[in-house]
Amino acid sequence: MDKVKVEAIINEIRPYLQADGGDIELVEVEADGVVKVRLRGACSCCPGARMTLQMGVERKLKEAIPEVTKVVAV
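Residues numbered from 1 in each chain as written. Predicted model: local features only at pLDDT ≥ 70, side-chain atom pairs only at ≥ 80, totals over all residues. Heavy atoms only, no water.

Brief notes about the sheet that holds strand β3 (residues 70–73)
So the rule is basically this: For two strands to be treated as a pair, DSSP must find at least two bridges joining them. Only DSSP runs of H or I with at least four residues qualify as helices, and only runs of E with at least two residues qualify as strands; both kinds are numbered from the N terminus onward. For helices, the fitted axis covers only the stretch in contact; all axes are lines through C-alpha atoms, and the angles between them, taken along N-to-C directions, range from 0 to 180 degrees. Here, two residues are considered to be in contact whenever any of their heavy atoms come within 4.5 Å of each other.
Overall, mixed pairing links the three strands, which are arranged β1-β2-β3 in an open sheet. Strands with a single pairing partner mark the edges of an open sheet, and in this sheet they are β1 (22–29) and β3. On average, adjacent strands in this sheet sit at an angle of 35° to one another, irrespective of strand direction. Taken together, the four bridges between strand β2 (residues 34–41) and β3 define a ladder with parallel strand orientation. In the strand pairing of β3, Val37 is matched with Ala73. Each of β1 and β2 touches helix α1 (residues 3–19); the most contacted strand, β1, lies at about 165° to it. Sheet strands in contact with helix α2 (residues 49–64) are β1, β2 and β3, and its direction is about 145° off that of β3.

Listed below in structure tokens is the structure:
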């Protein structure tokens, strides 16, 4: 899977998270399609972070890159 493409999608999402005091960092893209990210700032302790990760980040990545199987926070 193309790490550069994954990073580009994350960079599109980043301003929305930063607007709420958070941020996201790409940690790793595994061969099996798992994307590992680190949530920072307000996102690291937000009760809605899991929903943001699944309904926002994961959905956007899967739409753009079908090889993505899931997104996990590390």
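Here we look at the side chain of Arg14
Using the following cut-off: Note on classification: 1.4 Å probe, protein chains only; a residue is buried when its accessible area is under 20% of the maximum for its type, exposed when over 50%, partly exposed between these limits.
Within the fold, Arg14 resides in helix α1. Judged by its relative accessible area of 15%, Arg14 is buried. In contact with Arg14, other than residues within four places in its own chain, are Glu7, Asp23, Ile24 and Glu25.

Brief notes about α2
The cut-off we apply is this: To estimate how far a helix should reach, multiply one less than its number of residues by 1.5 Å.
Counted at 1.5 Å a residue, the expected span for α2 with its 16 residues is 22 Å, and the 21 Å between its end C-alpha atoms agrees. Listed as buried for α2 are Ala49, Leu53, Val57, Glu58 and Leu61. Buried residues along α2 sit against α1, β1, β2 and β3.

Side note on the pairing of β1
As paired strands, β1 and β2 are joined by seven bridges and run antiparallel to one another. Residue pairing in the sheet places Glu25 in a bridge with Arg38 of β2. Taking the residues that link successive antiparallel strands as the turn, the β1-β2 hairpin has four residues, and the phi of Gly33 there is positive, at about 95°.

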